[in-house]
Every structure is written in structure tokens, then in C-alpha cells.
Amino acid sequence: SGDDSSAAASVDGVGSQFTNTTYLHVGGEGTGELAITNGGIASSADGSIGEEAGSSGTVTVEGAGSNWTATGDLAVGNSGAGVLTIANGGQVTVGASTWVARESGSTGTIDFDGGVLTTETLFSDLADLTGTGTINTGGLVHDGQVVLDASYEAPDSFVLDASGQNITVNMPSDGTGILGAGFNGNGSLSISGGATVRGSEGYLGYNLGATGTAMVNGSGSTWATTGDLHVGWFGVGEMFIWSGGLVSVDGQLILG
């Protein structure tokens, strides 16, 4: 839709299906709304909610069997403002990365009310994830604090429970996604208690203005990447390896 325009669409009921083989923008330059409810199904390649600066998009995926599948990336707030609500058994499945507030000046929120997000990697300020639900991800680059310790190692999961959150994050210790801290702001990652976590790449201080800190502490505590590890990408990165902790990089270790 064009500047100052608005549009709304719904995919409602079992058997209702919307298929887009390319990009799906909800709020391209104006205001857009999409509701996928009561078993409706939508699919696309890449997707965005609030694509351009000044745009606004809202997507609701609600009800058992309701699903939006993006085979590529999904941006909840690309350059504009995006809100994604996943509720009452609804599911959003992303083949590559999910970005919340991707570009400078954008805003994004994922609200959970008994819904599930499954993605290869999640880039987000943890404060932009609200409500009660489940995230299945192969990797996480975040603002906020994440502690992976002995309690994480066995179930490969942890819980976000700040400010009324109750979001279970299932992240395999041998994940294939990207791991890091400091996406748009300040983030820290602590690996301790013998926990091991693996990923494809690592980033500390991802975007300009971000600061990411990693602490790998204690014998058996390990962070391993099959690709490169960037300590300071566009932002500031810090890494501390203490008391027998191990960082293993199969690709390049890039400082600054």
C-alpha cells in the first residue's frame, strides 16, 4: 500500500489459505493488518510487518491450526513499526531469521498468549517479547541478559520471566543458528556451570551503538561456533574466558 493508505486482510477458518511465493509486507509504506485465525494458513518467502520508515503493521495468528510460515526472514518492524501477536495455539514458523526492530528507528513487539514461534535465529531485545508462550530457536542475538548454566544443559531451554514474561525458549545446545549479545542495545551472555552451546556464527555488539558481552566461566563451560566469531561487529564487543572456560571457533575470530 502507498503512503498514508491502509489495508486489512483476514485468512479465517480451516481450509482457508493464502500463499505468496515472494515477499509479504503487512504495512509496506502505509498501515496494514493481517489476521490469520481459526485454523487459517498463510505462507510467504520473506515477510515484514512495518516495512518502510513511517509504516505500521499488525499481524495476529490465533487459534489451533492457525499458522504463518515464512521460508526466509521475518522482520517485525523492519524500518517501521510492527506488532506480531501469536495466541491460543497459533504458530509462526520462520525458515531463516526473525528480526524484532531490525533497522535503526524501527520498533517491534512479539506478543504471546499461548502461541509458538519457531525460527532459525531470533534477533531481539528481550523486552520486546511479551506475554506467555514458547520460542523454538536455533540461535539468539539479544539485548538483555541470558544465563546458560547447568540448569540449561539438560533440557536445552530457559525461561524469560522479567516484567510479567513467561516465555520458554527452547534452544538446542548444538543449534545451527547464530548466537550472540548486543543486538541494538546492551546484551550479555553468560555460559557457566559446565554448559555447552554451539552455533553457526557468533556476534557481540551487532549493530552500531550496541554493546555485547560474553562470559564463559568454569571447567567444561563451552561456546563453540562452526563459522566466524565477531567480537565487535558494528558495535562494541567484550569477551571474558575464566577458570577453564572454552571458546572454540572453527572459522575466523574477528576482533573489531
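Residues numbered from 1 in each chain as written. Predicted model: local features only at pLDDT ≥ 70, side-chain atom pairs only at ≥ 80, totals over all residues. Heavy atoms only, no water.

### Some details on the packing of aromatic side chains
- Per the counting criterion, the structure on display carries eleven aromatic pairs.
- Note on Trp99 and Phe123: the rings are 3.9 Å apart at their centroids and 5° apart in plane angle, and the pair reads as stacked. Here Phe123 lies in strand 12 (residues 107-125) and Trp99 lies in strand 11 (residues 91-100), a separation of 24 residues in the sequence.
- Given a relative accessible area of 7%, Trp99 falls into the buried group.
- Between the aromatic rings of Phe123 and Phe183, the centroid separation amounts to 5.7 Å while the plane-to-plane angle is 55°, which identifies the pairing as tilted. Here the residue Phe123 occupies a position in strand 12, and Phe183 occupies one in the loop between strand 17 (178-181) and strand 18 (186-192), the gap between them amounting to 60 residues.
- Classification of Phe123 by relative accessible area gives buried; the value is 1%. (Phe/Tyr/Trp six-rings, centres within 6.5 Å; stacked < 30°, edge-to-face > 60°. Helix = DSSP H or I, 4+ residues; strand = E, 2+ residues; numbered from the N terminus. Buried < 20%, exposed > 50% of the residue type's maximum accessible area, 1.4 Å probe, protein only.)

### Considering the nonpolar core
- Ranked by size, the top nonpolar core spans 45 residues in total, and within it Trp68, Leu84 and Trp223 carry the most contacts.
- Ala75, Trp99, Val141 and Ile178 belong to the second largest nonpolar core, which has eight residues in total. (Core = buried A, V, L, I, M, F, W, Y, C linked by side-chain atoms within 4.5 Å.)

### Some remarks on the sheet that holds strand 25 (residues 246-249)
- Read from one edge to the other, the open sheet built from three strands follows the order 19-22-25, with strand pairing classed as parallel. Whereas interior strands pair on both sides, the edge strands pair on one side only; in this sheet they are strand 19 (196-199) and strand 25. Here the average twist between neighbouring strands, direction ignored, is 10°.
- Pairing between strand 22 (residues 222-225) and strand 25: four bridges, direction parallel. Bridge assignment links Thr225 to a residue of strand 25, and that residue is Val249. (Pairing = 2+ DSSP bridges. Axes fitted to C-alpha atoms, helices over the stretch in contact; angles between N-to-C directions.)

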